[in-house]
Amino acid sequence: MARSLIRSGYADFPKLRIIPFYNVLWAEIDSNHLIIVFALPLNENLVPSTLKLSIDPNHQPVANWISILLDCSYKGAQQKKRAKVLINPYSGNGKARRWYSKYIKPLFEAARCSIDAVETGYSGEGTTISVGLDVDKFDMVVVCSGDGLAHEVFNGLGKRPDTRRALSKIAVAHVPCGSGNGLSQNLNATGNASIATLAVIKGIRKPLDLISVTQEDSRVLSFLSQTTGIGAESDLATENLRWMGEVRFKLGFLTRILAKKVYPCEIVVRIVMSSKESIMDHYAQESLKNALEDAKCETTPEVDSTGEDQANKGLPPLEYGTVHDKIPDDWTVIPGDKLGILYCGNVSALLHPIFQPLSRGL
């Protein structure tokens, strides 16, 4: 059967020599035919394609073969995921709607994912949707936008009375359709919408640390990075240049570099690891821990507790307080009279390491 699958590919797709398990989206029996759906590379994108093979009326051996095929193709990832899809039609210079229709939705449908898609109409709607989301009806929220809509989703989940349960149960996935796609670059190792969609389909749930940022009396969740100075202003001050795509960030950055802008401030930090060796040791321990967790290939979310224990648990209290609290004696004050940029990264917004495609908070 595997040989027939590969040989059938020769006739219809001359450049196709083998179908990787990773590209197989679904397989099933329809009457006396074996239907295999897979993602076919087309130019720079992936599109679903189908092989239809005649089979013997005795379906049971083929059914067993299909089960093995899907097990090899998903490798512990959940099949037929239930997705709440949020599309920002203004992302990607207005191309997000077309990308979803042409490159994203067909792959989800071919993989037999259940989709409930909504186009957002105003800033902050992602937060509103996430606050009222029935987390028992979905396995993940898929953001088809830039990083901004993902930020809204995380903060919407963070405003719920059952925040810990929601963040532990619902995976947040990102299909890049905006000018800033740092989350997808880290989780999916790509800025291509169709390749990221396949990564989400085949993704295994993984925890993702979130950052709490306080300013005055507000508390906001950050998943990617937090910056002040040139980095922040280059983003916020170029909102009117969104039509330029990613170029607006470079323009905003270079303009402020040439102007030698500074942002005087005072930085207060608690140094946990003061030597390069201690940082390397910590990294090695965490890498080993993550490798052991990956080996389990668990398909169900891990939660701290179940049932009523999590029903009314919001965000955990801040361990170090806010700027209104007294600075502890073991913290270090660093003057920043000529600060140009301060960047705190949770995951890198620039580098593209290969992480597991699907993430969940807390």
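Reference entry: report on the structure contained in this document. (Residues numbered from 1 in each chain as written. Predicted model: local features only at pLDDT ≥ 70, side-chain atom pairs only at ≥ 80, totals over all residues. Heavy atoms only, no water.)

Take the packing of aromatic side chains next. Following the criterion strictly, the structure yields two aromatic pairs and no others. Note on Phe-154 and Phe-223: the rings are 5.2 Å apart at their centroids and 35 degrees apart in plane angle, and the pair reads as tilted. Remark: Phe-223 occurs in the loop between strand S10 (218-222) and strand S11 (225-229) and Phe-154 occurs in helix H6 (residues 147-158); sequence separation between them is 69 residues. On the basis of relative accessible area, Phe-223 is assigned to the buried category, the value being 4%. With 5.4 Å between their ring centres and 70 degrees between their planes, Tyr-320 and Trp-331 make a pair best called edge-to-face. Of this pair, Tyr-320 sits in the loop between helix H13 (308-311) and strand S13 (332-336) while Trp-331 sits in the loop between H13 and S13, and the two are eleven residues apart along the sequence. When its relative accessible area of 45% is taken as the criterion, Tyr-320 is described as partly exposed. It is Lys-202 that lies over the ring of Tyr-22; its NZ or CZ is 5.4 Å from the centre. Directly above the ring of Tyr-74 sits Lys-202, whose terminal nitrogen or CZ lies 4.8 Å from the centroid. (Phe/Tyr/Trp six-rings, centres within 6.5 Å; stacked < 30°, edge-to-face > 60°. Helix = DSSP H or I, 4+ residues; strand = E, 2+ residues; numbered from the N terminus. Buried < 20%, exposed > 50% of the residue type's maximum accessible area, 1.4 Å probe, protein only. Lys NZ or Arg CZ within 6 Å of the ring centre and 35° of its normal.)

A word on the nonpolar core. The biggest cluster of nonpolar side chains holds 46 residues, and the ones touching the most others in it are Leu-25, Ile-104, Phe-108, Val-142, Cys-144, Val-175 and Ile-201. Ignoring sequence-local partners within four residues, the contact set of Cys-144 consists of Val-85, Leu-86, Ile-87, Asn-88, Ala-96, Tyr-100, Ile-104, Val-175 and Cys-177. (Core = buried A, V, L, I, M, F, W, Y, C linked by side-chain atoms within 4.5 Å. Contact = heavy atoms within 4.5 Å.)

With that settled, the discussion passes to the sheet that holds strand S2 (residues 33-42). Strand order in this open sheet of three strands is S1-S2-S3, and the pairing throughout is antiparallel. Every other strand in the sheet has two partners, leaving strand S1 (24-30) and strand S3 (45-54) as the edge strands with one partner each. If you compare each strand with its neighbour and ignore which way they point, the axes differ by 25 degrees on average. Summarising the sheet, S1 and S2 pair through six bridges and their orientation is antiparallel. Bridging across to S2, Asp-30 finds its partner in His-33. (Pairing = 2+ DSSP bridges. Axes fitted to C-alpha atoms, helices over the stretch in contact; angles between N-to-C directions.)

What follows concerns the environment of Tyr-90. Positionally, Tyr-90 belongs in the loop between strand S4 (82-87) and helix H3 (91-94). The class of Tyr-90 is exposed, set by a relative accessible area of 62%. Spatially, the C-alpha atom of Tyr-90 lies 9.8 Å from that of Tyr-122, the residues being 32 residues apart in sequence. The residues touching Tyr-90, leaving out its near neighbours within four places in the chain, are Thr-120 and Gly-121.

What follows covers helix H2 (residues 60-74). The end-to-end C-alpha distance of H2 is 21 Å, a good match for the 21 Å that 15 residues give at a rise of 1.5 Å each. Restricting attention to buried positions, one finds in H2 the residues Val-62, Ile-66, Leu-69, Leu-70, Ser-73 and Tyr-74. Viewed along the axis of H2, the buried residues span an arc of 110 degrees, placing them on a single side of the element. Of the surrounding elements, those touching the buried residues of H2 are S1, S2 and helix H9 (193-201). Looking one or two places after H2, you find Lys-75, whose phi comes out positive at around 45 degrees. (Expected span 1.5 Å × (residues − 1). Arc of directions from axis to C-beta.)

Now for the side chain of Arg-248. In this structure, Arg-248 sits in helix H11 (residues 247-258). Under the relative-accessibility criterion, Arg-248 is labelled buried at 1%. With sequence-adjacent residues up to four places away left out, Arg-248 is seen in contact with Ser-179, Ser-234, Asp-235, Thr-238, Glu-239, Leu-241 and Arg-242.

The next thing to look at is the pairing of S4. Among the six residues that make up S4, five are buried, leaving the element largely enclosed by the rest of the structure. Inspection of the sheet shows S4 paired to strand S5 (residues 114-119) by six bridges, in the parallel sense. Along S5, the bridge assignment pairs Lys-84 with Asp-116.

Read these as layout, nothing more, since geometry by itself doesn't imply function.
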